[in-house]
Amino acid sequence: HTWLLPSPSLSSSVSPPSAFMALFGAQKDKAEMRIHENLDELRTDLADYIAQLSEMSVKERGVFAIALSGGSLIGLMGKLCEAPYNKTVDWAKWYIFWADERVVGKSHADSNYKLAKDGLLSKVPIVPSHVHSINDSVSAEQAASDYEFVIRQLVRTRVINVSEINDCPKFDLILLGMGPDGHVASLFPNHSVLDENNEWVTFLTDSPKPPPERITFTLPVINSASNVAVVVTGGSKSEAVHLALDDVGPACPSLPARMVRPTKGKLVWFLEKAASSKLDSAQFSE
Ligand SMILES: O=C(O)[C@H](O)[C@@H](O)[C@H](O)[C@H](O)COP(=O)(O)O
């Protein structure tokens, strides 16, 4: 099933009880949910979505700047390595970044770079110099500032587009997973990284999920992207999905996944049915 959440005209006909509701009402209006019966369907839809955005972006800008995350996401993108996508996607125009990375060596089992390289990048003809992973031989703080510098250069040359609103990088697509605690990228609940509004890339050395040292895009960068997709599978995430997307009152204003709210860009949630089971709308779908 694919459907859009209530349109602006629908929700604005009901007067919001508070500024809070208005704020998150606005998010709901912009989010598209794509709920899939099974993983195979989700994988196909995700590959189609990414291939379409790549085509549009290459047509408009000549390049496609995409930011990846870790976790199950890379496996769920697997159909891109198969026909027809492996031949039809214009891989030479892709520029690859990471929305977050663990500060470990590139060959370490925890490395998001290694995960993506083994599962995706080594299987399609990406140009090696277009793959922008972090400097793995410095501290987390230095790695974050080096990565921001690299991104700054590529914004200058418009390999990465720029937001008209705040000068932030405007990635063509940022792909996110979500943990059962509602974290996205390495933005964890109740962590001060959520308040970082000046930097594009920040770091943490006390991640509640190991490994402790990470770099992460900040919320302003995520919310400046042209497209953001949150890809969530498994029943263990259903409560966090509900808290992120439904009108739950002031209960969870700082759930990281709820703070993903592109200012001008488009937001799509790819959900496996089990992950969507606690959404308010799920009660009508049987
Ligand atoms: O850096 C990490 O610890 C992981 O990459 C993490 O951020 C992951 O993306 C989410 O927890 C969702 O992971 P799953 O999709 O595998 O559940």
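Computed from a predicted structure; not experimentally measured.

Asker: Explain the side chain of Ser-54 to me, and be specific about the residues and the numbers.
Answerer: As for its placement among the helices and strands, Ser-54 is situated in helix α3 (residues 39–61). Those residues in contact with Ser-54, other than ones at most four positions away along the chain, are Phe-64, Val-89 and Trp-94.

Asker: Lay out unusual backbone geometry in plain terms, naming residues and giving numbers.
Answerer: The omega torsion across Ala-83 and Pro-84 is 0°, close enough to zero to call that bond cis. Along the chain, Pro-84 falls in the loop between α4 (73–76) and α5 (85–88). A cis amide bond links Pro-210 with the next residue in sequence, Pro-211, at an omega value of -5°. As for its placement among the helices and strands, Pro-211 is situated in the loop between β9 (201–204) and β10 (214–217). Residues other than glycine seldom take positive phi values, yet Arg-158 does so here, at roughly 65°. Tracing the chain through its elements places Arg-158 in the loop between α7 (140–156) and β6 (161–162). Owing to a relative accessible area of 42%, Arg-158 belongs among the partly exposed residues under this scheme. One non-glycine residue, Asp-167, lies in the positive phi region at around 65°. Taking relative accessible area as the criterion, Asp-167 reaches 55% and is therefore assigned exposed.

Asker: Can you tell me about α7, naming the residues and giving the values?
Answerer: The periodicity of an α-helix, 3.6 residues per turn, causes residues three or four positions apart to be oriented the same way. A rise of 1.5 Å per residue sets the reference length of α7, with its 17 residues, at 24 Å; its end C-alpha atoms lie 24 Å apart and thus fit the reference within 8%. Taken residue by residue, α7 has Ala-140, Ala-143, Ala-144, Tyr-147, Glu-148, Ile-151, Leu-154 and Val-155 as its buried positions. Buried residues of α7, viewed axially, fall in a sector of 135°; they line one side. The exposed set on the far side of α7, more than 90 degrees from its buried face, consists of Glu-141, Phe-149 and Arg-156. As for α7, its buried residues are in contact with β4 (94–98), β6, β7 (169–170), β9 and β10. Phi turns positive one or two residues past the end of α7, at Arg-158, with a value near 65°.

Asker: Describe the packing of aromatic side chains, naming the residues involved and giving the relevant values.
Answerer: One pass over the structure, following the stated rule, counts 6 aromatic pairs. Ring geometry for Phe-171 versus Phe-217: centroids 5.1 Å apart, planes at 25°, classification stacked. Within this pair, whereas Phe-171 is found in the loop between β7 and β8 (173–176), its partner Phe-217 is found in strand β10, the two being separated by 46 residues in sequence. Clustering of aromatic rings is evident, with ring pairs tying together Phe-64, Trp-91 and Trp-94.

Asker: Please set out the nonpolar core residue by residue, giving values where relevant.
Answerer: Counting residues in hydrophobic clusters, the biggest one holds 96 residues, and the most contacted among them are Ile-50, Phe-97, Phe-171, Phe-217 and Trp-269. If you tally residues by element for this core, the top one is α3, at 8 residues. Those residues in contact with Phe-171, other than ones at most four positions away along the chain, are Ala-65, Ala-67, Phe-97, Ile-151, Ile-160, Phe-217, Val-221, Ala-225, Ser-226 and Asn-227.

Asker: Quick one: what's the story with helix α9 (residues 238–245), residue by residue and with numbers?
Answerer: Taking burial as the measure, the 8 residues of α9 include 7 buried ones, the bulk of the element. If you check which residues of α9 are buried, you get Ser-238, Ala-240, Val-241, His-242, Leu-243, Ala-244 and Leu-245.

Asker: How would you sum up the pattern of salt bridges? Please name residues and give values.
Answerer: Counted by the stated rule, this structure contains 15 salt bridges. Note that Asp-118 is salt-bridged to Lys-114, the shortest N-O span being 2.8 Å. On the criterion of helical spacing, the pair formed by Asp-118 and Lys-114 is a turn pair, its members being 4 residues apart in helix α6 (residues 112–119). Between Glu-239 and Lys-278 there is a salt bridge, with its nearest N and O atoms 3.8 Å apart. Of this pair, Glu-239 sits in helix α9 while Lys-278 sits in the segment after β12 (266–272); the two residues are 39 residues apart in sequence, bridging distant segments of the chain. Within this structure, Glu-32, Arg-34, Asp-45 and Lys-266 form a network of salt bridges that share partners.

Asker: A description of the site of the ligand should follow, citing residues and the corresponding values.
Answerer: If you check the shell around the ligand, you find Gly-70, Gly-71, Ser-72, Asp-100, Arg-102, Met-178, Gly-179, His-183, Ala-185, Lys-209, Arg-214 and Lys-237 and nothing else. One of the side-chain nitrogen or oxygen atoms of Lys-237 is found 2.7 Å away from an oxygen atom of the ligand. For the ligand, whose accessible area on its own is 420 Å², the fraction buried by protein is 87%. When its residues are assigned to classes, the shell around the ligand shows 2 nonpolar, 5 polar and 5 charged.

Asker: Describe the pairing of β4, listing the residues and the values that go with them.
Answerer: Among the 5 residues in β4, 5 count as buried, and that is most of the element. Judged by which residues are buried, β4 turns out to be covered on both faces: Trp-94, Ile-96 and Trp-98 on one side and Tyr-95 and Phe-97 on the other are all buried. Pairing geometry for strand β3 (residues 64–68) and β4, over 5 bridges, is parallel. Note that in β4 the partner of Ala-67 across the bridge is Phe-97.

What counts and what doesn't
Residues numbered from 1 in each chain as written. Predicted model: local features only at pLDDT ≥ 70, side-chain atom pairs only at ≥ 80, totals over all residues. Heavy atoms only, no water. Helix = DSSP H or I, 4+ residues; strand = E, 2+ residues; numbered from the N terminus. Contact = heavy atoms within 4.5 Å. Buried < 20%, exposed > 50% of the residue type's maximum accessible area, 1.4 Å probe, protein only. Expected span 1.5 Å × (residues − 1). Arc of directions from axis to C-beta. Phe/Tyr/Trp six-rings, centres within 6.5 Å; stacked < 30°, edge-to-face > 60°. Core = buried A, V, L, I, M, F, W, Y, C linked by side-chain atoms within 4.5 Å. Salt bridge = Lys/Arg side-chain N within 4 Å of Asp/Glu carboxyl O. Near = heavy atom within 4 Å. Polar contact = N/O pair within 3.5 Å; in protein donor to acceptor, adjacent residues only side chain to side chain. Areas by Shrake-Rupley, 256 points an atom, 1.4 Å probe, with all protein chains shown as cover. Nonpolar A, V, L, I, M, F, W, Y, C, P; charged D, E, K, R; others polar. Pairing = 2+ DSSP bridges.

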